[in-house]
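# Structural overview
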Amino acid sequence: MRFYEYLIEKVANSEQLGVHLCRISIAIVFLWIGWLKFIPYEADSIVPFVANSPFMSWLYNDPANYLQYMNHEGALIPEHRAWHEMNNTYGYSNGLGVVEIAFALMLLAHYFSPKIGFVGAALCFLTPFVTYTFLIFTPETWVHGKDAHTGFPYLSGAGRLVLKDAMMCAAGFVAMVDSAKTILRRQRNRHS
């Protein structure tokens with residue numbers, strides 16, 4: 001029983017480690033996924049989300065016709081790739097990659113500038129609210145077919161991908177709170 005009590009005590013006093021793990025895990029996700037946005041297969045995979053979004057579809061040249069040009073991971077269909085180039089699929093994805101990498105770097109900036117870290121954490125916290133809209137506007141987020149398990153609440157792979165952003169939202173909030181505490185602590189120390 002002593003080991004159990006020791007373990008509980010250690011975990012109970014490791015809040016700051018949890019904050020660092022939240023911050024670093026968000027940064028890993030944004031850096032990795034942001035980098036992948038420069039690769040055509042990742043750009044192709046976000047097309048249904050962007051094409052169906054009333055907030056983003058205008059960034060594509062031909063969002064209405066995406067279904068016939070979908071590329072599945074690992075597939076290379078030159079005619080589809082050409083359509084995606086014409087559609088601005090890759091230009092949009094590259095821009096999104098820059099944004100995601102910038103969010104990660106701002107989040108990690110907390111360690112030398114808590115104010116920049118706070119902004120980065122706030123952006124990471126807010127990003128999932130944009131992706132949640134995909135559950136409303138993107139048909140591919142729900143299972144469709146002849147099975148009885150179609151539509152709400154049966155999430156497709158794309159829908160499950162969106163739903164996991166709930167964890168990103170929570171971890172972003174933890175990082176944002178920590179940056180705010182650090183900013184306030186430094187202000188109090190300057191005035192003491």
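Every chain's residues receive numbers from 1 upward, in the order its sequence appears when written. Local features in this predicted model are restricted to residues whose pLDDT is 70 or higher, and side-chain atom pairs enter the listing and the counts only when it is 80 or higher, whereas totals over whole chains, interfaces and linings include all residues. Calculation of side-chain values draws on the structure's entire complement of heavy atoms; hydrogens and water are dropped beforehand.

Going by an unreviewed UniProt entry, the protein carries the name Inner membrane protein ykgB and comes from Neisseria animaloris.

Below, the discussion takes up unusual backbone geometry. Each neighbour pair has its own omega, and for Phe152 with Pro153 the value is 5°, a cis peptide bond. Counting from the N terminus, the helices are the DSSP runs of H or I reaching at least four residues and the strands are the DSSP runs of E reaching at least two. With respect to the secondary-structure elements, Pro153 resides in the loop between α8 (134-137) and α9 (157-163). In this model, Asn88 sits at a positive phi of 75°, which is unusual for a non-glycine residue. Structurally, Asn88 can be placed in the loop between α5 (78-87) and α6 (89-108).

Here we take up the pattern of salt bridges. A carboxyl oxygen of Asp or Glu within 4 Å of a side-chain nitrogen of Lys or Arg is what we treat as a salt bridge. Within the structure shown, the criterion is met by 4 salt bridges. Here Glu100 ties to Lys37 by a salt bridge, and the two come within 3.7 Å at their closest N and O atoms. On the criterion of sequence distance, the pair formed by Glu100 in helix α6 and Lys37 in the loop between α2 (15-36) and α3 (40-45) is long-range, its members being 63 residues apart. Burial status follows relative accessibility: with a 1.4 Å probe on protein chains alone, a residue under 20% of its type maximum counts as buried, one over 50% as exposed, and anything between as partly exposed. Among the residues examined, Lys37 registers a relative accessible area of 4% and is labelled buried. Between Asp165 and Lys164 there is a salt bridge; the shortest N-O distance is 3.0 Å. Overall, the relative accessible area of 9% leaves Asp165 in the buried class. By relative accessible area, which is 37% here, Lys164 ends up partly exposed. Each of Lys37, Glu42 and Glu100 takes part in one network of salt bridges that share partners.

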